[in-house]
Amino acid sequence: VVVPAEGWKPVREKMLEPAGIFALMWDSIFNPKKYYKTRMYVSAGKSFESTILAATAGEVVAGRSCIGCVSRFRPKMFVSGRQLLTLCPSSVFHATEFVPILAKLIEMNVGGRGPLSRNAGSCLFLVEGVHSRVYVVAAHWSGGGRGKWMLSADTLDKEWGTSCEFYSRHCF
């Protein structure tokens, strides 16, 4: 029998510090393309539109439904999207489920309070977009009190610092 040495932790725990769990409900009709184009406090970049929104095919979520459980982590060191994917393979959202979840997280932050951190460098999500490729979606607050959420989609090779927060699809 092999017993781990004192203080041993799995690699994931060495790299990511748990920072909260959120269960989200959506209680209205949601059209992804309309939402991300009409909110004054959201700016969806071209990379987000062409890789994530394009993968939703304009699907609409209606009625009251539980749309997900999201866990939040803080990286303890610089980490790439590829490392996040290796550490948390079940954390990948599909674009169709992700866009209403991100919208709900953003709506919960109107007024500056909610699960997305305005003080973080970026709020990061792994999302399967067009052509079944996985991207790192970054949401960050820009502009102070009258600012907006800036959204982009980056490759898995980009590295992110310890001021970022990583949001995972499954609670673990």
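Residues numbered from 1 in each chain as written. Predicted model: local features only at pLDDT ≥ 70, side-chain atom pairs only at ≥ 80, totals over all residues. Heavy atoms only, no water.

Q: What am I meant to see in the nonpolar core here?
A: The tendency in soluble globular proteins is for nonpolar side chains to be buried as a group. Ranked by size, the top nonpolar core spans 34 residues in total, and within it Y36, F48, I52, F98 and F125 carry the most contacts. Secondary-structure elements contributing two or more residues to this core are β1 (16-26), α2 (32-38), β2 (42-44), α5 (95-108), β6 (123-128), β7 (134-142) and β8 (148-154). When residues of this core are assigned to their parent elements, the largest contribution, eight residues, is made by α5. Residue contacts for Y36: discarding those within four places in its chain leaves F30, V42, A44, F48, L53, V99, L102, A103 and L151. Membership of the second largest hydrophobic core comes to 16 residues, among which are V79, L87, C88 and V136. (Core = buried A, V, L, I, M, F, W, Y, C linked by side-chain atoms within 4.5 Å. Buried < 20%, exposed > 50% of the residue type's maximum accessible area, 1.4 Å probe, protein only. Helix = DSSP H or I, 4+ residues; strand = E, 2+ residues; numbered from the N terminus. Contact = heavy atoms within 4.5 Å.)

Q: Quick question: what am I supposed to make of the environment of Y36 here?
A: Structurally, the position occupied by Y36 is in helix α2. In the structure, Y36 is positioned 17 residues away from L53 in sequence and 8.8 Å away in space, judged by C-alpha atoms. At 3.2 Å, the side chain of Y36 and the backbone nitrogen of A103 are in polar contact. (Polar contact = N/O pair within 3.5 Å; in protein donor to acceptor, adjacent residues only side chain to side chain.)

Q: Would you take a moment to explain the pattern of salt bridges for this structure?
A: Should the charged atoms of two oppositely charged side chains come close, the side chains can pair. Scanning all chains against the criterion turns up six salt bridges. Where E107 meets R39, a salt bridge forms, and the shortest distance between an N and an O atom there is 3.5 Å. Of this pair, E107 sits in helix α5 while R39 sits in the loop between α2 and β2; the two residues are 68 residues apart in sequence, bridging distant segments of the chain. Between R82 and D157 there is a salt bridge; the shortest N-O distance is 2.9 Å. Of this pair, R82 sits in helix α4 (residues 81-87) while D157 sits in the loop between β8 and β9 (159-160), and the two are 75 residues apart along the sequence. The class for R82 is partly exposed, based on a relative accessible area of 43%. (Salt bridge = Lys/Arg side-chain N within 4 Å of Asp/Glu carboxyl O.)

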